[in-house]
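A closer look at the structure
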Amino acid sequence: MSVGELAGLLVAVFWAVLVTLLAVVLVRLSRVLKEATVLVSAVTEQAVPLLVDAGTAVRSANQQLERVDEITANVQDAAANANALSSTVAATLGGPLVKVAAFSYGVRKAVSKQNGTAALPQQSEREALARLVRAEVRAATAPRGGLLAKVRRAVRG
């Protein structure tokens, strides 16, 4: 064997080893790609139902929030109606009740003076009279939305 043939033989062996190593690497790479494909398909199979469930949960939450908005609006309307009703009742009944209480107090005082005893009103009567007077004052000073109220507020500063 000559030196040229020996060099050719070495190159052929080198190429055979290189091709064998490349074949081993390619086989392993194909296994990794197959496993990656299986993993991606499994993740896809599990992710799609999860996304569907998440979408359903979001839609349900949105419906519940719409219901809460409706309930909040209804409660707000009810509170406004109750406020209007209480101010109307205070304005309507407050004045006459204070007048009746004052009249009855005056009558009792006059009767007690005629009998010769200057009796002071009882504690519960005083409290009731005080409550009625406070209600009348609140009704009289309640803010009103009319032109006269705006003028009064402007004058007061």
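A quick note: this is a predicted structure, and the numbers were derived from the prediction, not measured.

**Thoughts on the overall build of the protein**
Along its length, the protein carries three helices and zero strands. Secondary structure elements of the protein, listed N to C terminal, follow the sequence α-α-α. Looking at the 157 residues of the protein, the share that counts as buried comes to 5%. Accessible surface for the protein amounts to roughly 13300 Å². Of this, 68% is attributable to carbon and sulfur atoms.

**A few points about a nonpolar patch on the surface**
Together, M1, L6, L9, L10, V13, V17 and L21 make up an exposed nonpolar region whose accessible area comes to about 730 Å². Tracing the backbone through its elements, the reader meets V17 in helix α1 (residues 3–115). Judged by relative accessible area, which is 47%, V17 ranks as partly exposed.

**Remarks on α1**
With 113 residues, α1 should cover 168 Å at 1.5 Å per step; its first-to-last C-alpha distance of 155 Å lies within 8% of that length. Of all the bends found along α1, the most pronounced is centred on L93 and spans about 35°, while P96, a proline, follows it within four residues. Every buried residue of α1 is listed here: G94, G95, V98, A101 and S112.

**What about the packing of aromatic side chains?**
The description of an aromatic ring pair uses the distance of the two centres, along with the angle that the planes make with each other. Following the criterion strictly, the structure yields one aromatic pair and no others. Judged by centre distance (6.2 Å) and plane angle (70°), the rings of F14 and W15 are edge-to-face. A relative accessible area of 52% means that F14 is categorised as exposed.

**A short note on the confidence of the model for the protein**
Residue-level pLDDT values for the protein average 84, and 85% of them are 70 or greater. Looking over the protein, one finds the lowest element-wise mean pLDDT in helix α3 (residues 147–156), namely 67, and the highest in α1, namely 89.

**Description of the environment of S86**
Examined against the element boundaries, S86 turns out to sit in helix α1. Exposure remark for S86: the relative accessible area of 40% places this residue in the partly exposed category. A polar atom in the side chain of S86 sits 2.9 Å from the backbone oxygen of N83.

**Side note on the environment of V137**
Tracing the chain through its elements places V137 in helix α2 (residues 123–141). Between the C-alpha atom of V137 and that of A91, which follows or precedes it by 46 residues, the distance is 9.9 Å.

**Details of the side chain of S112**
Summarising the element assignment, S112 is placed in helix α1. On the accessibility criterion, S112 (9% relative accessible area) is buried. Of the polar contacts made by the side chain of S112, one reaches the backbone oxygen of K109; its length is 2.8 Å.

Rules used in this analysis
Residues numbered from 1 in each chain as written. Predicted model: local features only at pLDDT ≥ 70, side-chain atom pairs only at ≥ 80, totals over all residues. Heavy atoms only, no water. Helix = DSSP H or I, 4+ residues; strand = E, 2+ residues; numbered from the N terminus. Buried < 20%, exposed > 50% of the residue type's maximum accessible area, 1.4 Å probe, protein only. Areas by Shrake-Rupley, 256 points an atom, 1.4 Å probe, with all protein chains shown as cover. Patch = residues over 30% accessible without salt bridge, like charges linked within 9 Å, V, L, I, M, F, W, Y side chains within 5 Å. Salt bridge = Lys/Arg side-chain N within 4 Å of Asp/Glu carboxyl O. Expected span 1.5 Å × (residues − 1). Bend = angle between axes of the 7 residues up to and from the residue. Phe/Tyr/Trp six-rings, centres within 6.5 Å; stacked < 30°, edge-to-face > 60°. pLDDT = per-residue confidence, 0-100. Polar contact = N/O pair within 3.5 Å; in protein donor to acceptor, adjacent residues only side chain to side chain.

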